[in-house]
Amino acid sequence: AKAAGRGTFKFFSTDMDERILTRRALDADMRRGLDRDEFFLLYQPRYEADTMRLRGVEALVRWRHPQRGLVNPGEFIPLAEETGLIAPLGARVLRMACEKAVTWPDLSVSVNVSPAQFRSADFVKTVSDTLAATGLSPKRLELELTEGVLLEDVERSGRILADLKALGVMLSMDDFGTGYSSLGYLKSFPFDAIKIDQRFIADLQATGDARAIVQAILGLGRALGLSVTAEGVETAEQLALLRQDACEEVQGYLMARPLAAEEIDKMRGEQGSR
Ligand code: C2E
Ligand code: CA
Ligand code: CA
Ligand code: CA
């Protein structure tokens, strides 16, 4: 769906008229889906690279559509961003993730926040209310933001980030390395962590550009005191190289796919009794 680009949706034909119609249908569908609790979360484990200890999970939204079955976020998040539905949907995601995280006291939970959600009027209040309502310790919540949140109105974005930081939550820059003002942003905003974009990990080999880029990002992270996560780790070789280069945290299909909450429960039980 990502390859289809902004404003096009894989569900449907590329015919223009049809697309306009079906965008409206998709929007209506999503609103109904929100009413009927059709959205739920999977959780992808994140591991400490050194020890392979389970450190946290990333919440990833899914839609159980009554006719279409399981729908991935790439198929509805872009439209939800355009229509503004991302604010209530994102609030629901945050609430579900925090409620779950309370039952996993040893883990941190990361939640993706898209630009329109970040800029919506009461985002900071939503985060603060959700923490209060669920009782989750703020330091166990990590918000994953993309550079897109910083592109417009840098001053206002800076204030929102500072307000979030004041709540005590962790801030992480997702898909790092894909935008182009990353360095300046990292220095001037209160981020705690960065996630190396998975395209660099996909190309990672012992020699070559991707390795050099990954090493540079790891060096940058160390210099700025940021923890670095590599996502999209699919092979033992990629993992070995990341450990060799002292990457702090890894996530990817090699270790675990996004899993149902019950599978995380099981995993924690096993790790605890080891
Ligand atoms: P992302 O935040 O970069 O999340 C990583 C995506 O890569 C996830 O896809 C995950 O399932 C996938 N992935 C994880 N490990 C591997 C791997 O080893 N190989 C490969 N090829 N892929 C891997 P998913 O769940 O389909 O999510 C896609 C995007 O949708 C996310 O990218 C994020 O930008 C967005 N998204 C997901 N959930 C939410 C949400 O609750 N709210 C918002 N605003 N956006 C979300
Ligand atoms: Ca993410
Ligand atoms: Ca990412
Ligand atoms: Ca650190």
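In the annotation of an unreviewed UniProt entry, the entry for the chain reads Bifunctional diguanylate cyclase/phosphodiesterase, and the organism field reads Methylopila musalis.

Undergrad: It is not clear to me how the site of ligand 1 should be interpreted in this structure. Could you clarify?
TA: Taken together, 21 residues form the shell around ligand 1, and within it Gln44, Arg62, Asn112, Glu234 and Tyr253 come nearest. Between ligand 1 and the protein, one listed contact pairs a nitrogen atom with a backbone N or O atom of Val61 at 3.2 Å. At 3.5 Å, a side-chain N or O of Glu231 approaches an oxygen atom of ligand 1. Starting from 800 Å² of accessible surface for ligand 1 in isolation, the protein chains cover 84%. Elements that contribute at least two residues to the shell around ligand 1 include exactly strand 2 (54-65) and strand 6 (170-176). By residue number, the principal contributor to the shell around ligand 1 is strand 2, which donates 4 residues. Here the shell around ligand 1 is built from residues that sort into 8 nonpolar, 7 polar and 6 charged.

Undergrad: Which parts of the structure should I look at to understand the coordination of the calcium ion (ligand 3)?
TA: Six octahedral donors around a metal ideally sit at 90 or 180 degrees from one another, while four tetrahedral donors ideally sit at 109.5 degrees. The coordination sphere of the calcium ion (ligand 3) contains the protein donors Asp174 (OD), Asp175 (OD), Glu231 (OE) and Glu231 (OE), at a distance range of 1.9 to 3.2 Å. Read in sequence order, the donor residues for the calcium ion (ligand 3) give the motif D-D-x55-E. Separating the calcium ion (ligand 3) from the calcium ion (ligand 2) is a gap of 4.1 Å, bridged by Asp174, which donates to each. Of the two residues, Asp174 is situated in strand 6 and Glu231 in the loop between strand 8 (227-230) and helix 11 (236-244); the sequence distance between them amounts to 57 residues.

Undergrad: What is the right way to read the coordination of the calcium ion (ligand 2) from this model?
TA: For the calcium ion (ligand 2), the protein coordination sphere consists of Glu58 (OE), Asn112 (OD1), Glu144 (OE) and Asp174 (OD), at 2.2 to 2.3 Å. Each donor residue of the calcium ion (ligand 2) lies on one chain, and together they are spaced E-x53-N-x31-E-x29-D. Judged by relative accessible area, Glu58 falls into the buried class, the value being 4%.

Undergrad: It is not clear to me how the confidence of the model for the chain should be interpreted in this structure. Could you clarify?
TA: Interpretation of this model should avoid reading the predicted coordinates in detail wherever pLDDT is low. Predicted confidence across the chain gives a mean pLDDT of 91, with 90% of residues reaching 70 or more. Here residues 1-5 scores under 50 on pLDDT; set against residues more than four positions off or in separate chains, the count is 3 contacts. We note a pTM of 0.93 for the whole complex and an ipTM of 0.97 for its interfaces.

Undergrad: I keep staring at the pattern of salt bridges and nothing clicks. Help me out?
TA: A side chain of one charge can pair with a side chain of the opposite charge when the charged atoms of the two come close. This structure, assessed with the given rule, holds 21 salt bridges. Glu82 is the salt-bridge partner of Arg23, the closest N and O atoms lying 2.8 Å from each other. Placement of the pair is Arg23 in helix 1 (residues 16-35) and Glu82 in helix 2 (residues 77-83), with a sequence separation of 59 residues. Its relative accessible area of 24% is what places Arg23 among the partly exposed residues. On the accessibility criterion, Glu82 (36% relative accessible area) is partly exposed. Of the charged contacts in the structure, one is a salt bridge between Glu48 and Arg53, with a shortest N-O distance of 3.8 Å. The structure contains a network of salt bridges with shared partners spanning Arg46, Glu48, Arg53, Arg55, Glu142, Glu248 and Glu249.

Undergrad: Would you explain the packing of helix 5 (residues 123-134) against helix 7 (residues 154-167) in this entry?
TA: Relative to each other, helix 5 and helix 7 sit at 10°, their axes nearing to 10 Å. Considering the angle they form, helix 5 stands roughly parallel to helix 7. Contacts between helix 5 and helix 7 involve Phe123, Val124, Val127 and Ser128 from the first element and Ile160, Asp163, Leu164 and Leu167 from the second. Considered class by class, the residues forming the contact of helix 5 with helix 7 number 6 nonpolar, 1 polar and 1 charged.

Analysis parameters
Residues numbered from 1 in each chain as written. Chains lettered and ligands numbered in written order. Predicted model: local features only at pLDDT ≥ 70, side-chain atom pairs only at ≥ 80, totals over all residues. Heavy atoms only, no water. Near = heavy atom within 4 Å. Polar contact = N/O pair within 3.5 Å; in protein donor to acceptor, adjacent residues only side chain to side chain. Areas by Shrake-Rupley, 256 points an atom, 1.4 Å probe, with all protein chains shown as cover. Helix = DSSP H or I, 4+ residues; strand = E, 2+ residues; numbered from the N terminus. Nonpolar A, V, L, I, M, F, W, Y, C, P; charged D, E, K, R; others polar. Donors = N, O, S within 2.8 Å, 3.2 Å for Na, K, Ca; no water. Buried < 20%, exposed > 50% of the residue type's maximum accessible area, 1.4 Å probe, protein only. pLDDT = per-residue confidence, 0-100. Contact = heavy atoms within 4.5 Å. Salt bridge = Lys/Arg side-chain N within 4 Å of Asp/Glu carboxyl O. Axes fitted to C-alpha atoms, helices over the stretch in contact; angles between N-to-C directions. Parallel < 35°, antiparallel > 145°, perpendicular 65-115°, else oblique.

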